[in-house]
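Observations on chain architecture
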Number of protein chains: 6
Amino acid sequence: MKRVAIFPGSFDPFTKGHENVIEKSRHLFDEIIIAIGVNSRKQAFFTLDSRLAHLNSLYTQEDQIRIVHYSELTTKLAKREGAQFLLRGLRDVKDFEYERSIAQMNHSLHPEIETVFIITKQEVNHINSSIVREIHKNGGVIDSFVTNQDLLVPSI
Amino acid sequence: MKRVAIFPGSFDPFTKGHENVIEKSRHLFDEIIIAIGVNSRKQAFFTLDSRLAHLNSLYTQEDQIRIVHYSELTTKLAKREGAQFLLRGLRDVKDFEYERSIAQMNHSLHPEIETVFIITKQEVNHINSSIVREIHKNGGVIDSFVTNQDLLVPSI
Amino acid sequence: MKRVAIFPGSFDPFTKGHENVIEKSRHLFDEIIIAIGVNSRKQAFFTLDSRLAHLNSLYTQEDQIRIVHYSELTTKLAKREGAQFLLRGLRDVKDFEYERSIAQMNHSLHPEIETVFIITKQEVNHINSSIVREIHKNGGVIDSFVTNQDLLVPSI
Amino acid sequence: MKRVAIFPGSFDPFTKGHENVIEKSRHLFDEIIIAIGVNSRKQAFFTLDSRLAHLNSLYTQEDQIRIVHYSELTTKLAKREGAQFLLRGLRDVKDFEYERSIAQMNHSLHPEIETVFIITKQEVNHINSSIVREIHKNGGVIDSFVTNQDLLVPSI
Amino acid sequence: MKRVAIFPGSFDPFTKGHENVIEKSRHLFDEIIIAIGVNSRKQAFFTLDSRLAHLNSLYTQEDQIRIVHYSELTTKLAKREGAQFLLRGLRDVKDFEYERSIAQMNHSLHPEIETVFIITKQEVNHINSSIVREIHKNGGVIDSFVTNQDLLVPSI
Amino acid sequence: MKRVAIFPGSFDPFTKGHENVIEKSRHLFDEIIIAIGVNSRKQAFFTLDSRLAHLNSLYTQEDQIRIVHYSELTTKLAKREGAQFLLRGLRDVKDFEYERSIAQMNHSLHPEIETVFIITKQEVNHINSSIVREIHKNGGVIDSFVTNQDLLVPSI
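A brief look at the structure comes next. This one's a predicted model, so the numbers in the text were calculated from it and none came from an experiment.

Calculation rules
Residues numbered from 1 in each chain as written. Chains lettered and ligands numbered in written order. Predicted model: local features only at pLDDT ≥ 70, side-chain atom pairs only at ≥ 80, totals over all residues. Heavy atoms only, no water. Least-squares fit on C-alpha atoms with pLDDT ≥ 70 in both. Contact = heavy atoms within 4.5 Å. Helix = DSSP H or I, 4+ residues; strand = E, 2+ residues; numbered from the N terminus. Buried < 20%, exposed > 50% of the residue type's maximum accessible area, 1.4 Å probe, protein only. 1 Å grid on protein atoms, 1.4 Å probe; cavity = no way out; pocket = protein on both sides within 12 Å on 5 of 7 lines; lining within 4 Å. Points joined across faces, edges and corners; volume = space filled by probe spheres on them. Nonpolar A, V, L, I, M, F, W, Y, C, P; charged D, E, K, R; others polar. Pairing = 2+ DSSP bridges. Phe/Tyr/Trp six-rings, centres within 6.5 Å; stacked < 30°, edge-to-face > 60°. Salt bridge = Lys/Arg side-chain N within 4 Å of Asp/Glu carboxyl O. Arc of directions from axis to C-beta. Polar contact = N/O pair within 3.5 Å; in protein donor to acceptor, adjacent residues only side chain to side chain. Right-handed = clockwise from strand over helix to strand, strands pointing away. Buried area = accessible area lost by both parts, 1.4 Å probe.

Considering the relation of the copies chain A and chain B
One copy of the chain maps onto the other through a rotation about an axis plus a displacement along that axis. Between the two copies, chain A and chain B, the superposition gives an RMSD of 0.0 Å; the rotation angle is 180 degrees and the shift along the axis is 0.0 Å. Taken together, the rotation and translation describe the operation of a two-fold axis. When each C-alpha of chain A is compared by its distance to the rotation axis, A:F117 comes out closest, at 2.4 Å. Most of the interface of chain A is mirrored in chain B, where 100% of its interface residues are also at the interface.

Re the environment of E:L151
Tracing the backbone shows E:L151 in the segment after α5 (129-137). Taking relative accessible area as the criterion, E:L151 reaches 34% and is therefore assigned partly exposed.

Some remarks on helix α2 (residues 48-58) of chain B
Residues of α2(B) that are buried: B:S50, B:R51, B:L52, B:H54, B:L55 and B:L58. Where the residues of α2(B) are buried, they touch α1 (16-25), β2 (31-37) and β3 (65-70) of chain B.

Digging into the side chain of E:R100
The residue E:R100 is located in helix α4 (residues 93-109) in this model. Setting aside chain neighbours within four positions, we find E:R100 in contact with A:D92, B:R100, F:R91, F:D92, F:I119 and F:N125.

A look at empty space enclosed by the protein
A water-sized probe rolled over the atoms picks out the places where empty space is left. This model, assessed by the stated rule, comprises 13 cavities of 30 Å³ or more. What the largest cavity holds in volume is close to 150 Å³. Class assignment for the residues of the lining of the largest cavity results in no nonpolar, 10 polar and eight charged.

Regarding the pairing of strand β3 (residues 65-70) of chain C
Strand direction decides the pairing type here: strand β2 (residues 31-37) of chain C and β3(C), joined by six bridges, are parallel. Note that in β3(C) the partner of C:I33 across the bridge is C:R66.

Describing the packing of aromatic side chains
The final tally for this structure, using the stated rule, is 39 aromatic pairs over all chains. Arranged with centres 6.4 Å apart and planes meeting at 75 degrees, the rings of E:F7 and E:F14 form a pair that is edge-to-face. Residue classification places E:F7 among the buried positions, given a relative accessible area of 2%. On the numbers, 5.6 Å between centres and 50 degrees between planes, the contact of E:F29 with E:F85 is tilted. In this pair, E:F29 is assigned in the loop between α1 (16-25) and β2 (31-37) and E:F85 in strand β4 (residues 85-90), connecting sequence segments 56 residues apart. Following the ring pairs from residue to residue traces out a cluster consisting of A:F7, A:F11, A:F14 and A:Y59.

Quick notes on the pattern of salt bridges
Applying the stated criterion across every chain yields a total of 78 salt bridges over all chains. For the salt bridge of C:R26 with C:E62, the shortest nitrogen-to-oxygen distance reads 2.9 Å. Residue C:R26 is located in the loop between α1 (16-25) and β2, and its partner C:E62 is located in the loop between α2 (48-58) and β3; the two are separated by 36 residues in the primary sequence. A residue is classified by how much of its surface remains accessible, and C:E62, at 26% relative accessible area, is partly exposed. Where salt bridges share partners, they join A:K2, A:E31, A:R66 and A:E81 into one cluster.

A word on helix α5 (residues 129-137) of chain F
Every buried residue of α5(F) is accounted for by F:S129, F:I131, F:V132 and F:I135. Seen end-on, α5(F) carries its buried residues on one side only, within an arc spanning 160 degrees. Taken together, the buried residues of α5(F) touch α4 (93-109) of chain B together with α1 (16-25) of chain F. Near the N-terminus of α5(F), the side chain that reaches the backbone nitrogen of F:S130, with its oxygen 2.9 Å away, is that of F:N128. Count one or two residues on from α5(F) and you reach F:G139, which has phi positive near 80 degrees.

Here's the deal with the pairing of strand β5 (residues 114-119) of chain D
All names here are of chain D. Across the six residues of β5, six count as buried, placing the element largely inside the fold. Residues E114, V116 and I118 of β5 are buried on one face, and the alternating residues T115, F117 and I119, pointing to the opposite face, are buried as well. Inspection of the sheet shows strand β4 (residues 85-90) paired to β5 by six bridges, in the parallel sense. When the sheet's bridge partners are listed, R88 is paired in β5 with F117. Of the crossover connections in this fold, the one passing from β4 over helix α4 (residues 93-109) to the parallel β5 is right-handed.

A few points about the interface of chain A and chain B
The partner chain B presents 27 residues to the 27 residues of chain A that form the contact. Carbon and sulfur atoms supply 58% of the area that chain A and chain B bury against each other, a total of about 2,600 Å² over both sides. Three residues stand out in chain A for area buried against chain B, namely A:R3, A:F96 and A:I119, and they jointly supply 23% of the buried area on that side. Taken together, chain A and chain B are joined by four salt bridges. Taking the shortest distance from any N to any O, the salt bridge between A:K24 and B:E114 comes out at 2.8 Å.

Just distances and angles here, no functional claims.
Here you go:
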């Protein structure tokens, strides 16, 4: 059976930490679908179009990786795509507790979908999308944290 | 390529929490090797023989699961067995921080072996082997926490 | 002396986790006042009327439990109601640290009111009101997490 | 019905933090039994006799408080004493996670016994018995942390 | 070489916890610049003018301490002011993890600027500016937590 | 006034994480005394002589750094050496909570001695002396974690 995973997130932006999650789980799955969640009630900092273009630039040559966006529950997306796994990165304790609640609540709803966790390597473990946004807003340079960062366009 | 994972631990004893890690990662790996680590400097509470018998009783019919014991570095065992993955369960924050250090240090030594984490379901998330041992030592009943607990024999 | 406790919260919504806090502290107090805090600056997801109706449906027959709403400091409500205790549930580390700050700051202001904490049982320990709201917003089913959930009405 | 609580611990030594737990829960219970747990496999730093004398000196005049020692499971002691509650103090995250596991495991075994938690006030929140022992071993003065500390006698 | 530190924050308001950070680091630095960060996208609860007046009232006589406000990246301010150090207080685990990410990301950008951390003393360790604001909004008295609190004026 | 700090620890062994603490605090202090704590009741894994030789090899040319060993309370050492500061590294949440208790208890005893904390950079943040010892015991290579590791000699 083909093992398919959804890697969901707002990816606002997709950092070198997220890249490391993909790199570390490549051998684990036959296909990984990177799925940008769109929340109609909360505007992202970078436009959806630029986040898609940015992700496509990183994985343009790779058959194993597909990029989508969605605005439903993640477990519904997983079912629609035939994915049996959700893939999530863990960075720190705050992440861990939130992800545990989500994973256990998803498990109550859909026990057939399993969440698999990857801990990012130490060199990128500190990278946090919200701090990256703060640095960008205040005119700082973010290329230590984001590859191809020039493709990202702020919403306004 | 066959995906093989080592699930290492002292399993003193192997609880319903550990069973849940296996259950949740069955579809992820083609083979899972449950590996009891033996530490020559520190005696376990339950004998190695009884822990092996206990584990064999739980997975006796399953081709996908193999049970071994070892006393070397876990990454060495992984290489010897041709495993590309280490499998670990996460329960709470204390677990998480310790596992993160181990995983990142293992990654520095052997970047080709990835550690994959599973968060146990809420019904067994609270089970802790050291508290199970305390209950057993004090004459309490542990069958809410351990399947086939009568197979386990204290070292003395 | 009659022991009276306030159980304050936004209860947006009141989950099976909150139900467990009540169940576990029933023998501890002679009266428990479940108090929905109303914040004039921040709209709740479910209407106040429906949250009150929902709570009344759960505890309709019980003399020991009373349901109120309030928009002042919780310690003022406690004094007005003659309650000597505040009752709070603890779920995870994030909860714990926030509750510790609140309890210690309340204690500086009103040392005669004590806060008592209950840790929810494992089966409901993962339930988080904000994730329940997300699931509901996205059309998911929340009856694993909330009893009588059909009584709850979103604010818009 | 009379509300009776066991306050169990090794109390090696009983600090001003523990005193604060008693002070904060006096109005909650009709009787509090402070119970020194004796572990035959692990010697305490201060002798059992001196820990009992120390506790008796602190609560000598109080009908509401009784002091015992025990070497069985805490829930068995509770049943024997007719106590419906276990009382525990919470200080920091490490405490919290350990106490949560214990409380949830005890709840699986004896759902009729509830654990109630108190968070110590900020002035004593940092006091840690094992650090108190280290200070005492190295000739430091511990009277900022322990009342009547001169009654305590090291085991050797 | 003169050791100069920036102590950055929104200080909305500057509490007795922040005062303790200054008190504890006075002997460490030759000059400390308390720097109120102004975020054009997010209004503070207390006006900038009143926060500046409040801070000036606390440190009016002190040559060692200077008060500024800024709206750029903190590391840019540090360079402009010739400061080699950022000074931050740590209170709890949530603080710690956020500060670690910020400090490590700042270090990637400007390795010549070091962040130095102080843990506040236990008597003020629980004071949290956002809970202080909640108490003030609801008509509570905040002078246990903030010196000269009458100088602070809400934005509306 | 000359600013002198004690950097205390068991340093069993002194890792690249500890080196980073020194590197990051060099500009903060005029003198740093690295102090190996010797506990007569608990044998270290590496001999004291080899730990001293190891540390001397790392800082042989540096006037700013001195290496000592001691077996008293750290605050007594500080007074004897005329140091006004204790220097400690912070790595993770577990570290943080323990260090907070120690720092606050030391502050109760000796308010004139301040503890200053440094968070190690991300590349070495995961290095943990006890895991380094485990790797060494099991025949693993530790030179990713410890400089000049060949100078260290196990106690037996």
